[in-house]
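If you want the building blocks of each chain, they are given just below.
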Amino acid sequence: GQDQAQAKEQELMFEQQQIIALKDSLENEFLREESKLNGIIQDSIVNFIKRNNSHYNFIFGYSKGSSLLFADDVFDITQNIVSGLNNEYKLSEKK
């Protein structure tokens, strides 16, 4: 009677936990695959632009919250920023 009902309830709860764990696992796998495929698509687009761009300095994506797809290397100021930060750091150490 009651013992059997409790055992069945525990069995069903265990199965529910397994189903939830499987669902979570599959969702995570889907998100990883989606991210991987989006990366491949993004790389394909950027590489196409690099091969075929002859007259644009900047190209922005056309989607909500889009970002910069391409910028001509002549506009890359990374080294200037790093050098400036390093110089400021060296000056601050001398004080």
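Up top is the structure.
As for the overall build of the protein chain
Of the regular secondary structure elements, the protein chain holds two helices and two strands. Along the protein chain, helices (α) and strands (β) appear in the sequence α-β-β-α when read from the amino end. In terms of C-alpha radius of gyration, the protein chain reaches 27 Å, well past the compact-globule figure of 12 Å for 95 residues. Counting only C-alpha atoms, the protein chain reaches 80 × 50 × 20 Å along its principal axes. Per-residue burial for the protein chain yields a buried fraction of 6% across its 95 residues. Summed over its atoms, the accessible surface of the protein chain is roughly 8900 Å², and 56% of this surface lies on carbon and sulfur atoms. Positive and negative charge centroids in the protein chain, built from 10 and 15 side chains respectively, lie 11 Å apart.

Re the pattern of salt bridges
Evaluated as defined, the whole model comprises three salt bridges. Linking K23 and D24 is a salt bridge whose minimum nitrogen-to-oxygen distance equals 3.8 Å. In this structure, K23 engages E27 in a salt bridge whose closest nitrogen and oxygen atoms are separated by 3.4 Å. Taken as a pair, K23 and E27 lie in helix α1 (residues 2-52) at a separation of four residues, close to a single helical turn.

Scoring rules and cut-offs
Residues numbered from 1 in each chain as written. Predicted model: local features only at pLDDT ≥ 70, side-chain atom pairs only at ≥ 80, totals over all residues. Heavy atoms only, no water. Helix = DSSP H or I, 4+ residues; strand = E, 2+ residues; numbered from the N terminus. Rg over C-alpha atoms; globule rule 2.2 N^0.38 Å. Buried < 20%, exposed > 50% of the residue type's maximum accessible area, 1.4 Å probe, protein only. Areas by Shrake-Rupley, 256 points an atom, 1.4 Å probe, with all protein chains shown as cover. Lys, Arg positive; Asp, Glu negative; His and termini not counted. Charge placed at Lys NZ, Arg CZ, Asp CG, Glu CD. Salt bridge = Lys/Arg side-chain N within 4 Å of Asp/Glu carboxyl O.

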